[in-house]
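Close look at the chain arrangement
Below are the chains, spelled out letter by letter.
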Amino acid sequence: MKPASEPDVVRRRIALFGAPCDLGASTRGTNMGPAALRVARLAETLQELGYEAEDRGDVRPLLPKSASPIPASGTNYSRAPEILRWVKAIEAEANQILNEGALPVLMGGDHSLSIGTLAAAAKHAEVLGRKLFVLWVDAHADFNTPQTSPSGNVHGMTLAAVCGEPGLELFRDENFVLVPPAQAFMIGIRQIDKGERRLLEERGVNVIDMPQIDETGVAVQMRQILETVRLENGMLHVSLDADFIDPSIAPGVGTPVQGGATYREAHLVMEMLEDSGLMTSLDLVEVNPFLDERGKTATLIVDLCASLFGRSILDRPIYRGGRVR
Ligand SMILES: [Mn+2]
């Protein structure tokens, strides 16, 4: 048997799991996300593309070992201890899947849950002696802390939590492997809070905002990111927030922002990721079926996943960088 670090092995087996939790957001409804992605035939679509794709069902929040300290109430950050119970369950599941040599796909749920998959991916990369890179595909940077966030919503703090920002220690035990901010790339960003912007600059996070995509096209930006990861022999965690895509075609999200990725831009990002062979774990988050129009958003996410896992119009290389095989 080939070791788990062999990319071919990692890519051919996919394990999906759901986390029906919406506690990290102000708007309720992403707890129905896993169900919507299942109805939109996510697992079946991947199977039709030749993958051994297994749906392991939903995780349940883990009981805390000891009573967690309750953070200052008054904002939605008071939900953090309950979110932590979900994060722990997600981390355990993703860790198990990575150890089996499969590619974990989290079906969220709101974006706070990605703390769990990122914790598992960072730990796994460290064991393999490789760097973990993160591609945050989102309208928002999710780099707030309880100090900078106007709402206290944990789904806006995910990357800050895994990058080691103060104020989010609740989510990091002594074994937590941090993601260095310089290994985090963001694409599609068009809404950043004031304090968050300062933090992103200070920490050196690589932010590709929508104006940069307008100027150069998405391919130029993606090629640079993928080349960086490839030259470092990195692992790549992709976190796809449905609000990356323009709300005109992906209306089922709690925090829509105008001016998002078009249908073709979104597919091109996916096609280049597929062509690079670099992705080792994935989140599909923030699909809110309660706000959706006839399953449009879940269907689009599954359609994007088909591109992400190999469906192509013509079998021609699109990334034009080196490929991990
Ligand atoms: Mn997000």
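In short, a report on the structure.

The manganese ion binds to the protein through His 111 (ND1), Asp 138 (OD), Asp 142 (OD) and Asp 241 (OD); the donor distances cover 2.0 to 2.2 Å. One chain supplies every donor to the manganese ion, and in sequence these donors are spaced H-x26-D-x3-D-x98-D. Here Asp 138 is found in the loop between strand E4 (132-137) and helix H6 (158-162), whereas its partner Asp 241 is found in strand E7 (residues 235-241), with 103 residues between them in sequence. For Asp 138, a relative accessible area of 0% corresponds to the buried category.

This brings us to the pattern of salt bridges. For the structure on display, the rule yields 22 salt bridges. Residues Glu 100 and Arg 56 are paired through a salt bridge, measuring 2.5 Å at the closest nitrogen-oxygen approach. Taken together, the residues Glu 100 in the loop between helix H4 (80-99) and strand E3 (103-108) and Arg 56 in strand E2 (residues 52-58) connect sequence positions 44 residues apart. Given a relative accessible area of 27%, Glu 100 falls into the partly exposed group. Note that Glu 91 and Lys 88 form a salt bridge whose closest N and O atoms lie 3.8 Å from each other. Here Glu 91 and its partner Lys 88 are both found in helix H4, 3 residues apart, which amounts to about one turn of the helix. In this structure Lys 88 comes out as partly exposed when scored by relative accessible area, which is 29%. Here the salt bridges do not stand alone but share partners, grouping Arg 13, Glu 52, Glu 54, Arg 56, Glu 93 and Glu 100 into one network.

Conventions used here
- What you see as residue numbers is a count from 1 along each chain, following the sequence as written.
- Owing to the predicted nature of the model, reporting of local features is limited to residues with pLDDT of at least 70; listing and counting of side-chain atom pairs is limited to 80 or more, with chain, interface and lining totals taken over all residues.
- The side-chain figures draw on all heavy atoms in the structure; neither hydrogens nor water molecules are used.
- For Na, K and Ca the donor cut-off is 3.2 Å, while for other metals it is 2.8 Å, and in both cases only N, O and S atoms qualify; water is not among them, so sites may look incomplete.
- Secondary structure follows DSSP: runs of H or I at least 4 residues long count as helices, runs of E at least 2 residues long count as strands, and numbering of each begins at the N terminus.
- For every residue, the accessible area (1.4 Å probe, protein chains only) is compared with the maximum for its type, and the residue is labelled buried under 20%, exposed over 50%, or partly exposed between those bounds.
- Any carboxyl oxygen of Asp or Glu that lies within 4 Å of a side-chain nitrogen of Lys or Arg is treated as forming a salt bridge with it.

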